[in-house]
Amino acid sequence: MGILAGGVMLMLAARLPCAAQAVQQARPGIPASTPSTPVVAETRAVAMAREAEGWLAELIKINTSNPPGNEQAAAIYVASVLEKEGLTPEVLEVAPGRSAVVARLRSSAVAEPSKALLLVAHMDTVPVDKSRWTVDPFGAVIKDGYLYGRGAVDDKGMLAANLAVFIELKRSMAHLNRDVIFLATDDEEAGGDASIRILIAKYWDKFAAGYAINEGGNVFVKNGKVQYIGVQASEKVAANIAVIARGTAGHASQPTKDNPVVHLAAAIEKIGNYSAPVHFTSIARRYFEGLAPLEDDEIGKWIRSMDTADRGEHAKRVVSDASPLWNAMLRDTIAPTVLTAGVANNVIPAEARANLNVRLLPGNTIDAVMNELNKLVNDPQVRLEVQPNVGLAAPPSSLESDFYSVITKVTSQGFGGAPALPFQSTWLTDSAQLRLHNVQAYGLVPFPLAQEDLKRMHGDDERILLGAFDKGVDVLMKIVTDFAVTR
Ligand SMILES: [Zn+2]
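Sequence order sets the numbering: in each chain, residues are counted from 1 along the sequence as written. Owing to the predicted nature of the model, reporting of local features is limited to residues with pLDDT of at least 70; listing and counting of side-chain atom pairs is limited to 80 or more, with chain, interface and lining totals taken over all residues. Heavy atoms throughout the structure, all of them, feed into the side-chain values; hydrogens and water do not.

## Section: the overall build of the protein chain
When helices and strands are counted, the protein chain shows 16 helices and 17 strands. The globule rule used here is 2.2 Å times the number of residues to the 0.38 power, and the radius of gyration it is set against is calculated over C-alpha atoms. For the protein chain, the C-alpha radius of gyration of 24 Å lies close to 23 Å, the compact-globule estimate for 487 residues. Each principal axis of the C-alpha atoms in the protein chain carries an extent, and together these give about 80 × 55 × 50 Å. Note on classification: 1.4 Å probe, protein chains only; a residue is buried when its accessible area is under 20% of the maximum for its type, exposed when over 50%, partly exposed between these limits. Here the protein chain holds 487 residues, and the buried ones make up 54% of them. A contact between two residues is defined here by any heavy atoms of the two lying within 4.5 Å. Partitioning the intrachain contacts of the protein chain with sequence separation of at least 6 by distance along the chain shows that 79% fall at a separation of at least 24. Here the Shrake-Rupley method, with its probe set to 1.4 Å, supplies the accessible areas, and only the displayed protein chains count as covering residues. Surface accessibility of the protein chain: about 21,200 Å² in total, with carbon and sulfur atoms responsible for 54%. Helix and strand labels come from DSSP, where a helix needs a run of H or I of at least four residues and a strand needs a run of E of at least two; each type is numbered from the N terminus.

Okay, here's the thing in structure tokens:
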């Protein structure tokens with residue numbers, strides 16, 4: 001499919017009232033309706049997903065790269081889509097030019113926040129390096145069945161899917177057993193002064209809820225099949241440490257032993273080779289238990305052996321080496337990210353610095369990491385300093401809640417019987433702040449995504465297979481319907 005033709009087709013598809021035609025054009029990755037599914041419901045879901053593709057394309061075209069974010073433009077667009085449906089969204093200003101959107105479908109005259117369900121997605125994206133993209137990152141280009149654009153997966157895809165579910169509940173006049181609240185947040189990627197922390201401080205009453213579904217977990221595809229659904233119930237905590245080496249500034253023609261560049265490099269080498277001890281959180285334990293039978297015999301055997309006395313240490317090494325994700329789910333990680341030193345080619349500087357990005361398992365402390373690193377570096381010329389804004393650990397969401405049961409049941413049915421496993425993300429989401437406010441928040445981007453496409457989030461040529469998007473909208477619809485609609 002050509003680029004232009006694709007764009008035109010998308011616009012047409014978004015307006016197609018004829019569901020039959022939409023089904024005919026089933027995309028790669030979405031199975032055609034099976035005989036056991038009621039045709040009416042299926043075609044309606046497909047038509048809804050097609051409409052949501054149009055919203056996703058429009059959202060991609062609104063550049064919300066953070067910094068600076070400028071999410072207000074996206075907020076106004078989202079509010080206009082909701083208003084067309086007769087809904088009454090509120091655009092909440094969090095900082096100048098930066099807003100969130102909230103809208104509510106009521107189940108009764110008196111709100112019961114502890115029962116309410118929140119559909120969360122963020123409107124901002126990470127920036128792009130345009131020179132490394134093969135298409136316009138804000139052009140919403142369709143190529144080979146994929147919609148390309150910054151935010152296609154993270155997180156405008158989920159934003160459009162949430163819109164579709166929310167609007168479908170309104171259109172079908174669904175009989176709700178709890179309030180359903182739509183929330184589009186801003187400043188998620190930077191987590192700064194316009195983030196959900198501030199939004200909650202200013203406007204909590206407008207979206208207080210007992211349950212939430214948000215990004216954070218994924219439908220993992222391996223060899224073209226859904227391997228498992230990772231439902232995020234917990235996340236790691238971020239912190240930064242500065243490594244500062246000091247020495248005597250001088251002429252580079254007469255090198256000295258106390259050159260801070262050399263001392264910094266030695267410290268970074270030691271830190272780079274360090275592995276923090278393995279610690280199983282309750283979520284990670286359940287994840288690996290569920291994962292072992294899904295992997296091939298060899299790695300499955302090592303996953304099962306991690307907890308044994310005799311082979312445990314070796315098994316932890318094998319599993320950690322097999323996957324950076326597994327490694328990071330098992331321990332605190334420390335990644336050197338930024339180096340700063342030097343003023344001129346012929347001057348030995350007085351100072352050299354590095355930043356370490358630390359991801360703590362929830363429950364572990366930055367002080368313990370500092371202790372270990374100080375022992376390891378052991379150089380009087382090098383000082384370590386914890387940087388401001390260490391994240392707060394939130395309690396994990398319950399794996400016994402009704403909503404968790406619904407998510408695992410419905411997704412497993414929706415993805416060919418693949419199991420749903422509790423997932424502890426190594427990345428941060430808005431859910432940590434929600435969990436700190438007693439919300440049972442679960443992370444699931446509902447689109448089946450291949451490794452190759454997962455890697456493009458925050459990278460170049462971010463894209464989503466339209467068939468996968470449609471499928472995700474359908475599954476999300478079923479999750480929310482099962483939990484919030486009385487039949
Ligand atoms: Zn995101």
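Text resumes after the structure shown.
## Considerations on the side chain of Gln227
Summarising the element assignment, Gln227 is placed in strand E8 (residues 225-235). Take Gln227: its relative accessible area is 14%, and that puts it in the buried class. Residues adjacent in sequence count toward polar contacts only when both atoms are side-chain atoms; beyond that, a polar contact is any pair of N or O atoms within 3.5 Å, and within protein one must be able to donate a hydrogen and the other to accept it. Here Glu295 takes part through its side chain, which lies 2.8 Å from a polar atom of the side chain of Gln227. Setting aside residues up to four positions removed in sequence, Gln227 forms contacts with Phe220, Val221, Lys222, Leu294, Glu295, Ala418 and Pro419.

## Structural notes on the sheet that holds strand E5 (residues 146-148)
One requirement defines pairing of two strands: DSSP has to find at least two bridges between them. Sheet architecture is open: three strands sit in the order E4-E5-E17, paired in antiparallel fashion. Whereas interior strands pair on both sides, the edge strands pair on one side only; in this sheet they are strand E4 (142-143) and strand E17 (463-465). Bridge count for E5 against E17 is three bridges, and the pairing is antiparallel. Each residue of the ladder has a partner; that of Leu147, found in E17, is Ile464. Only the stretch in contact is used when a helix axis is fitted, and all axes are lines through C-alpha atoms; the angle between N-to-C directions ranges over 0 to 180 degrees. Along the sheet face, helix H16 (residues 466-484) touches E4, E5 and E17 and points at about 70 degrees away from the line of E17.

## Some thoughts on the environment of Ser401
Along the chain, the position of Ser401 falls in the loop between strand E14 (382-386) and helix H13 (402-414). Those residues in contact with Ser401 that sit more than four places away from it in its chain are Tyr211 and Tyr442. Side-chain polar atoms of Ser401 contact the backbone nitrogen of Tyr404, separated by 3.0 Å.

## Overview of the sheet that holds E14
Overall, antiparallel pairing links the four strands, which are arranged E11-E13-E9-E14 in an open sheet. Edge strands, defined here as strands with exactly one partner in the open sheet, are strand E11 (333-341) and E14. Geometrically, the sheet is characterised by an average inter-axis angle of 25 degrees between neighbouring strands, direction not taken into account. Bridge count for E11 against strand E13 (residues 351-360) is eight bridges, and the pairing is antiparallel. Pairing of Val338 across the sheet is with Asn355, part of E13.

## Structural notes on the packing of helix H4 (residues 71-84) against helix H5 (residues 156-171)
In the contact formed by H4 and H5, the axes pass within 11 Å of each other and the chain directions differ by 20 degrees. Overall, the two elements H4 and H5 adopt an arrangement that is roughly parallel. Where H4 crosses over H5, the handedness of that crossing is right-handed. Taken together, the residues of H5 that come into contact with H4 (itself represented by Val78, Val81 and Leu82) are Leu159, Leu163, Phe166 and Ile167. Three residue categories are used. Nonpolar comprises Ala, Val, Leu, Ile, Met, Phe, Trp, Tyr, Cys and Pro, charged comprises Asp, Glu, Lys and Arg, and polar comprises the others, including Gly. Taken together, the residues that form the contact of H4 with H5 break down as seven nonpolar, no polar and no charged. These descriptions rest on fixed angle ranges, namely under 35 degrees for roughly parallel, over 145 for roughly antiparallel, 65 to 115 for roughly perpendicular, and the rest for oblique. Throughout, a crossing is termed right-handed when the near helix is turned clockwise from the far one, and left-handed when it is turned anticlockwise from it by less than a right angle.

## Thoughts on the nonpolar core
Residues grouped as a nonpolar core are buried Ala, Val, Leu, Ile, Met, Phe, Trp, Tyr and Cys residues, joined through side-chain atoms within 4.5 Å. Ranked by size, the top nonpolar core spans 96 residues in total, and within it Leu82 and Phe288 carry the most contacts. When residues no more than four places from it in sequence are discounted, the contact partners of Leu82 are Leu87, Pro89, Val101, Ala103, Leu163, Phe166, Ile167 and Phe182. With 22 residues, the next largest nonpolar core counts Ala239, Ile268, Val369 and Met370 among its residues.

## Considering the coordination of the zinc ion
With water omitted from the atoms examined, metal sites may look incomplete; donors here are N, O and S atoms no farther than 2.8 Å from the metal, or 3.2 Å in the case of Na, K and Ca. The protein atoms that coordinate the zinc ion are His122 (NE2), Asp154 (OD), Glu215 (OE) and Glu215 (OE), at distances of 1.9 to 2.7 Å. Geometry at the zinc ion is irregular, judged from the four donor atoms that bind it and their angles of 51 to 150 degrees at the metal. Each donor residue of the zinc ion belongs to the same chain, and together they define the spacing H-x31-D-x60-E. Separated by 32 residues along the polypeptide, His122 in strand E3 (residues 117-122) and Asp154 in the loop between E5 and H5 bring together distant segments of the chain. Think of it this way: with four donors and all angles in the 85 to 135 degree range, the site is tetrahedral; with four or six donors, opposite ones beyond 155 degrees and the rest between 65 and 115, it is square planar or octahedral; otherwise it is irregular.

## So, the side chain of Ser431
Its location among the elements puts Ser431 in helix H14 (residues 431-435). Within the structure, Ser431 has its side chain in polar contact with the side chain of Asn214 (distance 3.0 Å). Sequence-distant contacts of Ser431, that is, excluding residues within four places in its chain, are made with Asn214, Glu215, Gln232, Glu235 and Ala441.

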